Amino acid sequence: MTSPPSLLLLGRRAAASLIGRGCAGVTDARSGVRSAVPRRFIIDTSYAAHFMDFKGSAIPSSMKKLVVTKLSQDFREAVSVRTVAVPTPGDAELLVRNRFVGINASDINYSAGRYDPSVKPPFDAGFEGIGEVVGLGLSASSRYAVGDTVAYFGSGGAFAEYTVVPAKESVPVPSVRPEFLTLLVSGATAYIALRRLGDLAKGETVLVTAAAGGTGQFAVQFAKRAGCHVVGTCSSDEKAGFLKSISCDRPINYTAEDLAKTLRKEYPLGIDVVYESVGGSVLELAVNSLANKGRLIVIGFISGYQTASGIAPFKGGTLPVKLLQKSASVRGFFLPHFVGDYKEALSSMMQMFAKGELVCEVDCGDMAEEGRFVGLESVFRAVDYMYAGRNLGKVVVEVAPPIVGDSKL
């Protein structure tokens with residue numbers, strides 16, 4: 001990467017010679033008239049090693065990134081791989097070399113333009129990443145140094161080999177283990193939604209749909225920590241086994257059992273809280289299964305995201321009657337609306353993970369037909385893999401290998 005000579009090429013003596021030239025003047029040899037010249041920024045280049053590159057990470061001049069070039073719910077149709085210049089961080093920004101990026105069901109909603117219709121292509125894709133700081137601005141250097149490891153999530157741009165991230169939106173992490181990446185969106189959604197909207201009480205019954213997925217795994221664990229009896233839906237015996245390993249009381253493999261019949265038979269008084277992310281017929285079943293004063297939290301409706309409307313069909317004509325008869329409620333949750341809860345949630349989850357009290361299951365595609373998700377182009381396969389319901393845990397793509405010799409990796 002080409003860097004400003006004032007940062008990387010000036011020696012300390014040269015830098016020192018600039019001091020005092022703030023409003024310098026130049027005298028014309030013939031006329032003797034002294035004229036003003038523009039001010040020059042004074043830069044202490046003793047910090048130059050903190051600004052760019054680390055242990056020979058060899059920042060290239062160009063990189064690959066994924067760009068939404070056409071609005072479509074078909075991710076492969078909407079998104080293209082582009083080769084662009086590696087960006088330079090601004091004063092309060094970090095340049096992060098992405099090691100892992102997270103795949104979310106919402107990636108398709110984003111590529112279809114459903115979050116902000118005013119945003120038109122082309123725009124960058126990807127919400128969350130984790131990697132090493134390889135460049136940063138002067139203000140950002142008060143909190144970070146080159147070589148630090150950070151995680152982040154935002155409004156797009158993570159699906160790239162390098163991403164510029166505001167320092168204030170970055171989260172310091174001990175290492176670039178992908179498990180930390182699972183907490184940024186998936187874990188935070190479960191933690192905050194259940195805490196703020198679930199009103200969980202000890203002894204209540206909680207149903208988690210898609211319980212072995214990226215966010216479902218956390219909803220199961222947090223509900224158990226609250227002293228609840230947890231029921232989790234999944235699509236295979238392998239996933240049911242995983243749910244048992246994280247203390248789910250009743251995993252239900254809906255490919256082998258009738259979910260509606262099982263719930264009616266084993267939970268005749270109904271379900272107190274439902275953490276729901278599937279939508280469509282599953283949402284209808286969840287409404288019908290609510291107990292008196294039950295709470296249904298809608299955190300997504302993935303079954304409809306790949307349709308033109310983005311919404312799965314739902315028979316809601318009798319919804320008001322059903323809610324009234326049971327004094328029940330349906331509550332929606334969208335993580336960006338709860339930013340005030342985010343810092344505490346992330347801190348709490350990081351402590352739980354450090355103590356071995358929280359399982360953060362990661363699926364890097366090791367069991368996928370074409371193998372592990374490695375390289376930026378693997379994002380396309382990873383999205384397909386998740387929507388096929390094959391993942392166990394959070395789907396993560398390894399964008400780049402570790403820097404050789406880095407002890408924190």
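Look up a bit, the structure's there.
Report on the accompanying structure.

**Quick look at the overall build of the protein chain**
Of regular secondary structure, the protein chain possesses 12 helices and 18 strands. Of all 409 residues assigned to the protein chain, the portion counted as buried reaches 52%. In the protein chain, 69% of the contacts between residues at least 6 apart in sequence involve partners at least 24 apart. Accessible area of the protein chain: about 19300 Å², with a carbon and sulfur share of 55%.

**Focus: the packing of aromatic side chains**
Evaluated as defined, the whole model comprises 12 aromatic pairs. When the ring of F218 is compared with that of F222, the centres are 6.2 Å apart and the planes differ by 25°; the resulting orientation is stacked. Remark: F222 and F218 occur in helix 6 (residues 216–225); sequence separation between them is four residues, near one turn of the helix. When sorted by exposure, F218 lands in the same class as F222, which is buried.

**A word on the sheet that holds strand 11 (residues 205–208)**
With parallel pairing, the six strands of this open sheet are ordered in space as 13-12-11-14-15-16. At either margin of the open sheet sits one strand with a lone partner, and together these are strand 13 (250–253) and strand 16 (329–332). Taking each pair of neighbouring strands and ignoring which way they run, the sheet shows an average axis angle of 15°. Examined bridge by bridge, strand 14 (residues 271–276) and strand 15 (residues 290–298) share five bridges and lie parallel to one another. Residue V274 lies in a different strand from strand 15, and its bridge partner there is L296. Along the sheet, helix 6 makes contact with strand 11, strand 12 (229–234) and strand 14, crossing strand 11 at roughly 170°. Its contacts with the sheet place helix 10 (residues 319–326) against strand 15 and strand 16, and it is angled at close to 130° to strand 15.

**Considerations on the packing of helix 5 (residues 178–198) against helix 6**
Helix 6 packs onto helix 5 with a crossing angle of 40° between their chain directions and a minimal axis gap of 9 Å. If you check the angle between helix 5 and helix 6, you find them oblique. Helix 5 and helix 6 meet at a crossing whose hand is right-handed. The residues of helix 6 that touch helix 5, namely those facing T182, L183, S186, G187, A190, Y191 and L194, are F218, A219, F222 and A223. Its residues assigned to classes, the contact of helix 5 with helix 6 shows eight nonpolar, three polar and no charged.

**Brief notes about the nonpolar core**
Within the largest apolar cluster, 55 residues are counted, with the highest numbers of intra-cluster contacts made by F222, L243, F333 and M349. At the level of elements, helix 5, strand 11, helix 6, strand 12, helix 7 (237–245), strand 14 and helix 11 (339–354) are the ones that each hand at least two residues to this core. Element by element, the count of residues in this core is highest for helix 5, at 12 residues. A78, A368, V383 and V395 belong to the second largest nonpolar core, which has 28 residues in total.

**Thoughts on the environment of Y152**
Secondary-structure assignment places Y152 in strand 8 (residues 149–153). Residue Y152 is classed as buried on the basis of its relative accessible area of 3%. Sequence separation between Y152 and V165 is 13 residues; the distance between their C-alpha atoms is 7.6 Å. Once residues lying within four places of it in the same chain are set aside, the contact partners of Y152 are V96, N98, F127, E128, G129, I130, A158, T163, V165, E169 and L184.

**Focus: the sheet that holds strand 6 (residues 123–124)**
The antiparallel open sheet is built from three strands, whose spatial order is 4-3-6. The open sheet has two edge strands, strand 4 (79–85) and strand 6, and neither has a second partner. Note: strand 3 (residues 62–68) against strand 4, seven bridges, orientation antiparallel. Counted as the bridge partner of M63 is V84 from strand 4.

Here is what the cut-offs are and how they apply
Residues numbered from 1 in each chain as written. Predicted model: local features only at pLDDT ≥ 70, side-chain atom pairs only at ≥ 80, totals over all residues. Heavy atoms only, no water. Helix = DSSP H or I, 4+ residues; strand = E, 2+ residues; numbered from the N terminus. Buried < 20%, exposed > 50% of the residue type's maximum accessible area, 1.4 Å probe, protein only. Contact = heavy atoms within 4.5 Å. Areas by Shrake-Rupley, 256 points an atom, 1.4 Å probe, with all protein chains shown as cover. Phe/Tyr/Trp six-rings, centres within 6.5 Å; stacked < 30°, edge-to-face > 60°. Pairing = 2+ DSSP bridges. Axes fitted to C-alpha atoms, helices over the stretch in contact; angles between N-to-C directions. Parallel < 35°, antiparallel > 145°, perpendicular 65-115°, else oblique. Left-handed = near helix turned anticlockwise from the far one by under 90°. Nonpolar A, V, L, I, M, F, W, Y, C, P; charged D, E, K, R; others polar. Core = buried A, V, L, I, M, F, W, Y, C linked by side-chain atoms within 4.5 Å.

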